[in-house]
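So you can see what is in the structure, the chains are spelled out below.
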Amino acid sequence: MRKIHLAALAAALMLFMFHPAIALPVASNVAGGIALVTLGTVLDSPDRPSAWLGDRPVWVAAEDGHWIAVVGVPLDTRAGRQTLRMRANGAERTTSFEIREKHYAEQRITLKDSSKVTLSPEDEARALAEIERIQALKKHWRPSAETETDFAKPVAGRLASRFGLRRIFNGEPRAPHSGLDVAARRGTPVGAPAAAIVLAVDDYFFNGKTVFLDHGNGLLSMYCHLDRIDVKPGETLRKGQTLGRIGATGRASGPHLHWSVVLNGTMVDPELFLKRR
Ligand SMILES: [Zn+2]
């Protein structure tokens, strides 16, 4: 018994001493935000616990001797108590966290090209197939010892539409804005906000030329409406490396970057990754 305890203590100390300190994003316990849920200490459970929100695995990071679940909160989450399923020391249990009310702004948009609002049957079939492909990409999970969350802004420019904006196109309510728009001139280079592996590149009906980056542990980022893509799937990018150029491909009223960040399969507010704790 004593031997096992000593082994566990040694493992915990090794992890505590040699695990690089990970700067976690800023917590924001709202729909579309990030909840940081403490799952116990490294001493109590030397092996990294696992956690799930619904059926989606959640990233569990080590910080200051504690295991912290970094939970992406879906934008359609109601305020109140949420349940997180976890497994530590071989036993499964649940823990909970609180989500506050947040009212996102509303915007009415008039698009002259109505073909991008009311779709033809062919365009609708294409768009639906692409949405399924994007949904599958959002679930991508690559375990990684390091996940950098101190993001650099991918492009210098004015922040236009913010994450969560409730949009009404030509009088028809649409899904809330699932990313952050940054306005910049066509051709401006767009850089990786942190080290990443290129997960996918594609040309979509709505999103136009798009790059998906994988930062590890279910943290992904997506860059849309690019004029040109400069990377290929599987390529490793360092922070700041150019992935493409600003454009207006797909459904875009002008050149801008639509930037989305995905955590445990759900879109969260990219601005949370630009703030420092
Ligand atoms: Zn956008």
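Keep in mind it's a predicted model, so treat the numbers as computed, not measured.

**Some remarks on the overall build of the protein chain**
Helix and strand content of the protein chain: 2 helices and 20 strands. A compact globule built from 277 residues should have a C-alpha radius of gyration of about 19 Å, and the protein chain, at 20 Å, falls within 12% of that. When its C-alpha atoms are laid out on the principal axes, the protein chain stretches across 75 × 40 × 35 Å. Burial analysis of the protein chain (277 residues in total) assigns 48% to the buried set. Taking the contacts inside the protein chain whose residues are at least 6 apart along the sequence as the reference set, 67% of them involve residues at least 24 apart.

**A closer look at the domain arrangement of the protein chain**
Split into domains, the protein chain comes out as domain 1 (2–99) and domain 2 (106–273). Averaged C-alpha coordinates put domain 1 and domain 2 at centres separated by 28 Å. On the domain 1 side of the contact with domain 2, Arg 56, Trp 59 and Leu 75 bury the most area, a combined 37% of that side's loss. Summed over the shared surface of domain 1 and domain 2, the number is 0 salt bridges. Viewed at the interface, domain 2 and domain 1 are joined by 3 residue pairs in polar contact (both at pLDDT 80 or more). Elements with a minimum of two residues in the side of domain 1 that touches domain 2: β3 (56–63) and β4 (66–72).

**Re the sheet that holds strand β10 (residues 172–173)**
An order of β7-β9-β10 is seen for the 3 strands of this open sheet, with the pairing classed as mixed. With one partner strand each, in any of the chains shown, β7 (106–109) and β10 form the two edges of the open sheet. Here 4 bridges tie β7 to strand β9 (residues 166–169), and the two strands are oriented parallel to one another. When the bridges of β9 are listed, Arg 108 appears paired with Ile 168.

**Some details on the pattern of salt bridges**
Per the stated rule, a full pass over the model turns up 14 salt bridges. A salt bridge links Glu 106 to Arg 108, with the nearest nitrogen and oxygen atoms 3.7 Å apart. With a relative accessible area of 63%, Arg 108 lands in the exposed category. Between Arg 133 and Asp 202 there is a salt bridge whose closest N-O contact spans 2.7 Å. Taken as a pair, Arg 133 in helix α2 (residues 121–138) and Asp 202 in strand β13 (residues 196–204) lie far apart in primary sequence, 69 residues in all.

**Regarding unusual backbone geometry**
Of note in the backbone geometry, Asn 89 takes a positive phi value of approximately 50° without being a glycine. Tracing the backbone shows Asn 89 in the loop between β5 (80–88) and β6 (91–99). Unusually for a residue other than glycine, Asn 170 sits at a positive phi of about 45°. If you trace the backbone, Asn 170 turns up in the loop between β9 and β10.

Criteria and thresholds
- Residues numbered from 1 in each chain as written.
- Predicted model: local features only at pLDDT ≥ 70, side-chain atom pairs only at ≥ 80, totals over all residues.
- Heavy atoms only, no water.
- Helix = DSSP H or I, 4+ residues; strand = E, 2+ residues; numbered from the N terminus.
- Rg over C-alpha atoms; globule rule 2.2 N^0.38 Å.
- Buried < 20%, exposed > 50% of the residue type's maximum accessible area, 1.4 Å probe, protein only.
- Contact = heavy atoms within 4.5 Å.
- Domains from an automatic or database assignment.
- Buried area = accessible area lost by both parts, 1.4 Å probe.
- Salt bridge = Lys/Arg side-chain N within 4 Å of Asp/Glu carboxyl O.
- Polar contact = N/O pair within 3.5 Å; in protein donor to acceptor, adjacent residues only side chain to side chain.
- Pairing = 2+ DSSP bridges.

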